[in-house]
Amino acid sequence: MPREEPLLAPRPSSEQSSIRNAEEEDALLTGERTIRTERGRRWGFWREVGLFAWAFIATIAVIVIAVVYQHETNRAQSDGRHSWGPGGKPTGKRNLVFMVSDGMGPTSLTMTRSYKQLTQGLPIDDVLVLDKHILGTSRTRSSSSLITDSAAGATAFSCASKSYNGAISVLPDHSPCGTVLEAASLAGYKTGLVVTTRITDATPACFASHVNLRQYEDRIAEQEIGEHPLGRVVDLIMGGGRCHFLPNTTDESCRGDDRDIVAVAKENGFSYIDDRKGFDSLNGGADAKLPLLGLFAEKDIPYEIDRRTQNDVYPSLEEMARSALKILSAATQDSEQGFFLMIEGSRIDHAGHGNDPAAQVNEVLAYDKAFAAVVDFLNEDSTQGVLVATSDHETGGLAVGHQLHITYPEYLWLPGVLANATHSAEFAAQELANHLDQESDKEAYVRNLLRKALGVEDASQEEIDALIDSHYELPPSYVFADIISRRAQIGWSTHGHTGVDVNIYASSTKDAWPLQGNHENTEVGSFLANYLDVDIGATTKRLQESEFWSYSDSSSEVDTGATSEMGKSFDWLGNPLGEDVRTEGLDTYHGDYKKRSLGEQCGCGAVH
Ligand SMILES: *[C@@H]1O[C@H](CO)[C@@H](O)[C@H](O)[C@H]1NC(C)=O
Ligand SMILES: *[C@@H]1O[C@H](CO)[C@@H](O)[C@H](O)[C@H]1NC(C)=O
Ligand SMILES: [Zn+2]
Ligand SMILES: [Zn+2]
């Protein structure tokens with residue numbers, strides 16, 4: 001007769017219950033049933049006592065081990081052994097080169113690699129220099145959006161902080177954050193910025209200036225040459241964007257006032273060069289004097305695909321990078337500290353905004369050459385150093401593969417189409433704008449332009465009409481780019497940025513060990529400061545505590561009385577956008593998915 005057991009046992013005491021739980025847990029682990037018989041219970045008592053003692057001792061042991069391990073880990077991290085991997089954190093004099101490929105996503109590499117193999121007759125295992133130095137990936141979202149702009153992207157690198165789209169090294173509360181370049185300069189490093197866009201554009205701006213909105217390029221120019229709360233922090237500047245340095249009384253100016261910032265730079269000690277002749281006078285860097293301001297274009301330096309036929313007018317990114325390295329190296333030869341140099345392949349992003357694959361492959365190749373030049377320099381230099389390179393975001397939603405028809409697509413894309421183009425869509429559109437009106441046979445002119453600039457012989461009537469019709473819904477540069485992209489079977493999802501992770505590269509894995517794997521973009525910024533052993537936090541404090549500082553006449557801008565949490569005025573950062581601009585928290589769905597025609601205010605790559 002089966003023994004009766006109460007269905008509902010009295011509630012066990014908490015002690016029994018914890019033993020019971022331990023027993024159940026044990027059963028789960030061993031797969032054995034817990035013992036429920038009377039005899040089993042007597043045996044079970046001692047078993048439970050034993051288990052309890054075992055569990056108690058094991059818990060103590062785990063806690064002790066965890067505490068000891070944590071302590072060891074902290075110690076290892078603070079002397080740089082753990083986080084820095086096999087090489088250890090460098091000590092002594094060192095140089096850091098940080099390269100940014102603006103808007104270059106993983107697909108840009110695939111496209112450019114195949115393009116290079118085709119055009120140079122290389123085997124399939126011949127890869128880009130970048131490919132040989134891949135280290136990790138970076139997550140790029142900003143504080144205000146899952147898709148960042150270049151300003152928030154560069155602020156993550158310069159300040160190691162997330163901020164809102166449009167922020168130039170200011171935090172979401174509109175207070176300035178210290179940058180790695182400023183901290184390096186204060187610590188005695190020489191510093192440099194080399195770009196192919198305007199030196200006042202978002203990426204370079206984020207290293208050496210602070211404004212609430214990237215559009216305040218006049219203020220950025222002033223800060224870059226030393227009208228800055230910390231004084232002059234940049235020693236070497238090379239790039240485009242001359243127009244923000246020239247007074248509005250001159251033709252080339254895009255300033256809102258009549259200040260001559262080039263003259264101010266000269267007063268601050270800068271040597272100034274503004275053309276190829278001036279660049280060549282540096283003699284590869286041997287004859288340069290710091291501080292140096294080199295502004296080689298009114299706005300952007302032309303795309304590499306167009307620049308290569310104007311080499312006598314504009315230096316290449318590689319040439320600028322080589323000279324900058326030589327100049328900074330010589331300038332720090334006898335000092336305790338080395339240098340920090342930021343080099344940007346700025347216009348990979350622009351080619352992405354323009355959806356122009358022919359322009360982009362040439363931008364990426366130019367960037368790859370500059371990257372190789374830096375690696376060469378580091379290999380030969382007697383001072384230790386590291387090169388870290390990454391992108392702020394992807395641009396264009398580039399796809400290597402494009403379904404052109406309703407029928408099942410072919411598995412191919414055709415780099416030969418890109419190889420046949422001798423100019424960018426931007427260049428072709430400029431030619432069109434300059435000449436179309438004067439042409440009597442517009443169709444013949446357009447067909448000839450397509451042949452000469454893009455290598456396209458088979459334009460359809462619709463394509464020709466779209467280029468001739470000044471009211472067509474897309475600007476000619478987009479039509480030219482689409483003509484190339486379709487024939488190459490290259491796809492694009494947007495004229496803006498996308499949220500895909502981007503690659504991180506380094507001259508050596510050993511020297512950039514902490515950046516292996518997948519990282520938040522701010523961790524790249526932390527690495528830069530950490531490598532140089534400089535304190536971004538202390539620089540932020542200095543900036544925020546500097547007496548109210550403003551050189552510009554701010555009366556022209558709306559005074560919103562912006563204050564940080566400390567109640568301090570940061571008017572010198574410019575109008576902090578106003579109340580209706582969101583700087584934190586993600587945007588939400590607006591129900592706006594329908595196709596919209598391109599209105600009057602086509603963004604067309606105005607903000608990158
Ligand atoms: C040039 O700048 C001055 C202020 O510096 C301003 O008064 C003037 O209107 C500007 N001129 C133009 C054409 O923008
Ligand atoms: C490139 O141009 C040549 C010469 O016009 C032409 O024969 C060839 O088909 C073109 N290649 C592609 C992929 O369009
Ligand atoms: Zn960007
Ligand atoms: Zn962009």
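Described below are features of the structure shown in this document. (Residues numbered from 1 in each chain as written. Chains lettered and ligands numbered in written order. Predicted model: local features only at pLDDT ≥ 70, side-chain atom pairs only at ≥ 80, totals over all residues. Heavy atoms only, no water.)

### Some points on the overall build of the protein
Here's step 1: Counting its secondary structure elements, the protein contains 21 helices and 14 strands.
Here's step 2: Burial statistics for the protein: of 608 residues in total, 50% are counted as buried.
Here's step 3: In the protein, 73% of the contacts between residues at least 6 apart in sequence involve partners at least 24 apart.
Here's step 4: About 29000 Å² of surface is accessible on the protein, with carbon and sulfur atoms providing 52% of the total. (Helix = DSSP H or I, 4+ residues; strand = E, 2+ residues; numbered from the N terminus. Buried < 20%, exposed > 50% of the residue type's maximum accessible area, 1.4 Å probe, protein only. Contact = heavy atoms within 4.5 Å. Areas by Shrake-Rupley, 256 points an atom, 1.4 Å probe, with all protein chains shown as cover.)

### A few points about the coordination of the zinc ion (ligand 3)
For a metal with four tetrahedral donors the ideal donor-metal-donor angle is 109.5 degrees, while six octahedral donors give ideal angles of 90 or 180 degrees.
Here's step 1: The protein atoms that coordinate the zinc ion (ligand 3) are Asp102 (OD), Asp102 (OD), Ser150 (OG), Asp392 (OD) and His393 (NE2), at distances of 1.8 to 2.8 Å.
Here's step 2: In the primary sequence, the donor residues of the zinc ion (ligand 3) line up as D-x47-S-x241-D-H.
Here's step 3: In this structure, the zinc ion (ligand 3) is positioned 4.1 Å from the zinc ion (ligand 4). Placement of the pair is Asp102 in the loop between strand S1 (94-101) and helix H4 (106-120) and Asp392 in the loop between strand S8 (384-390) and strand S9 (394-395), with a sequence separation of 290 residues. Each member of the pair, Asp102 together with Asp392, is buried. (Donors = N, O, S within 2.8 Å, 3.2 Å for Na, K, Ca; no water.)

### Brief notes about the site of ligand 2
Here's step 1: As a matter of local geometry, ligand 2 sits amid Gly416, Val417, Asn420 and Glu457.
Here's step 2: Its free accessible area being 360 Å², ligand 2 has 35% of it covered by the protein chains.
Here's step 3: Class assignment for the residues of the shell around ligand 2 results in 1 nonpolar, 2 polar and 1 charged. (Near = heavy atom within 4 Å. Nonpolar A, V, L, I, M, F, W, Y, C, P; charged D, E, K, R; others polar.)

### Overview of the nonpolar core
Here's step 1: Counting 77 residues, the largest nonpolar core has Met99, Val194, Met238, Ile343, Leu418, Leu450 and Phe480 as its most contacted members.
Here's step 2: Looking at this core element by element, the count peaks at 12 residues for helix H14 (residues 357-380).
Here's step 3: Structurally, this core is a two-domain feature, drawing no fewer than three residues from each of domain 1 (94-396 + 496-573) and domain 2 (415-488).
Here's step 4: By size, the runner-up hydrophobic cluster in this structure holds 54 residues, among which are Val100, Val170, Val233 and Ala265. (Core = buried A, V, L, I, M, F, W, Y, C linked by side-chain atoms within 4.5 Å. Domains from an automatic or database assignment.)

### Topic: the state of the cysteines
Here's step 1: Applying the stated criterion to the full structure yields 2 disulfides.
Here's step 2: Sulfur-sulfur distance for the disulfide between Cys159 and Cys177 comes to 2.2 Å. Since a negative S-S torsion denotes a left-handed disulfide, the Cys159-Cys177 link at about 80 degrees is right-handed. Of this pair, Cys159 sits in the loop between helix H5 (150-158) and helix H6 (180-186) while Cys177 is found in the loop between H5 and H6, placing the two residues 18 residues apart along the sequence. Note on accessibility: Cys159 and Cys177 belong to one class, buried.
Here's step 3: What pairs with Cys243 in a disulfide is Cys254, and their sulfur atoms sit 1.8 Å apart. Disulfide Cys243 to Cys254: torsion about the S-S bond roughly 70 degrees, handedness right-handed. Placement of the pair is Cys243 in the loop between strand S4 (236-240) and helix H9 (261-267) and Cys254 in the loop between S4 and H9, with a sequence separation of 11 residues.
Here's step 4: Judged by relative accessible area, which is 28%, Cys254 ranks as partly exposed.
Here's step 5: Just so you know, Cys206 is unpaired, no disulfide at all, and the nearest cysteine sulfur is the one on Cys159, 7.3 Å from it. (Disulfide = S-S within 2.5 Å.)

### Digging into unusual backbone geometry
Here's step 1: Omega for the bond connecting Leu290 with Pro291 falls within 30 degrees of zero, at -5 degrees, which places this linkage in the cis form.
Here's step 2: Among the secondary structure elements, Pro291 is positioned in the loop between helix H10 (276-281) and strand S6 (292-295).
Here's step 3: One non-glycine residue, Asn355, lies in the positive phi region at around 55 degrees.
Here's step 4: Assignment of secondary structure puts Asn355 in the loop between helix H13 (348-353) and H14.
Here's step 5: The exposure class of Asn355 is buried, given its relative accessible area of 10%.
Here's step 6: Even without being a glycine, Gln489 presents a positive backbone phi close to 60 degrees.
Here's step 7: Among the structural elements, Gln489 can be located in the loop between helix H19 (476-488) and strand S11 (490-491).
Here's step 8: Looking at Gln489, the relative accessible area reads 9%, which means it is buried.

### As for the site of ligand 1
Here's step 1: In the region of ligand 1, the neighbouring residues are Asn248, Gly256, Asp257 and Asp258.
Here's step 2: Interatomic distance of 2.4 Å between a side-chain N/O atom of Asn248 and an oxygen atom of ligand 1.
Here's step 3: Between ligand 1 and the protein, one listed contact pairs an oxygen atom with a side-chain N or O atom of Asp258 at 2.8 Å.
Here's step 4: Alone, ligand 1 offers 360 Å² of accessible surface; in the complex the protein occludes 35% of this.
Here's step 5: Partitioning the shell around ligand 1 into residue classes produces no nonpolar, 2 polar and 2 charged. (Polar contact = N/O pair within 3.5 Å; in protein donor to acceptor, adjacent residues only side chain to side chain.)

### Thoughts on the pairing of strand S3 (residues 190-198)
Here's step 1: Counting buried positions along S3 yields 8 of 9 residues, so the element is predominantly enclosed.
Here's step 2: Taken together, the 5 bridges between S3 and strand S7 (residues 339-345) define a ladder with parallel strand orientation. Following the sheet pairing, Leu193 is matched in S7 by Met342.
Here's step 3: For S3 and S4, the ladder comprises 4 bridges, and the chain directions are parallel. Within S4, the residue paired with Gly192 across the bridge is Leu236. (Pairing = 2+ DSSP bridges.)

### Considerations on the sheet that holds S6
Here's step 1: If you trace the 10 strands from one edge of the open sheet to the other, you get S5-S6-S4-S3-S7-S1-S8-S13-S2-S14, paired in mixed fashion. Taken across any chain shown, the strands that pair with only one partner, and hence form the sheet edges, are strand S5 (271-273) and strand S14 (517-520). Here the strands of the sheet are splayed against their neighbours by 15 degrees on average, with no regard to which way each runs.
Here's step 2: Two strands pair when backbone bridges link them, and S4 and S6 are joined in this way by 4 bridges, in the parallel orientation. Note on S6: the bridge partner recorded for Leu236 is Leu292.
Here's step 3: Along the sheet, helix H12 (residues 317-331) contacts S1, S3, S4, S6 and S7; its crossing angle with S3, the most-contacted strand, is approximately 165 degrees.
Here's step 4: Contacts between H14 and the sheet are confined to S1, S7, S8 and strand S13 (502-506), with S8 contributing the most and set at about 165 degrees to the helix. (Axes fitted to C-alpha atoms, helices over the stretch in contact; angles between N-to-C directions.)

### A short note on the pattern of salt bridges
Here's step 1: Within the structure shown, the criterion is met by 30 salt bridges.
Here's step 2: The salt bridge involving Asp533 is made with Arg94; its shortest N-O contact spans 3.7 Å. Of this pair, Asp533 sits in the loop between helix H20 (521-532) and helix H21 (536-545) while Arg94 sits in strand S1; the two residues are 439 residues apart in sequence, bridging distant segments of the chain.
Here's step 3: The buried category is assigned to Arg94, whose relative accessible area is 6%.
Here's step 4: Among the charged side chains, a salt-bridge network with shared partners connects Asp149, Arg198, Asp201, Arg214, Glu217, Asp300, Arg347 and Glu426. (Salt bridge = Lys/Arg side-chain N within 4 Å of Asp/Glu carboxyl O.)

It is worth stressing that arrangement in space is one thing and function is another; only the former is reported here.
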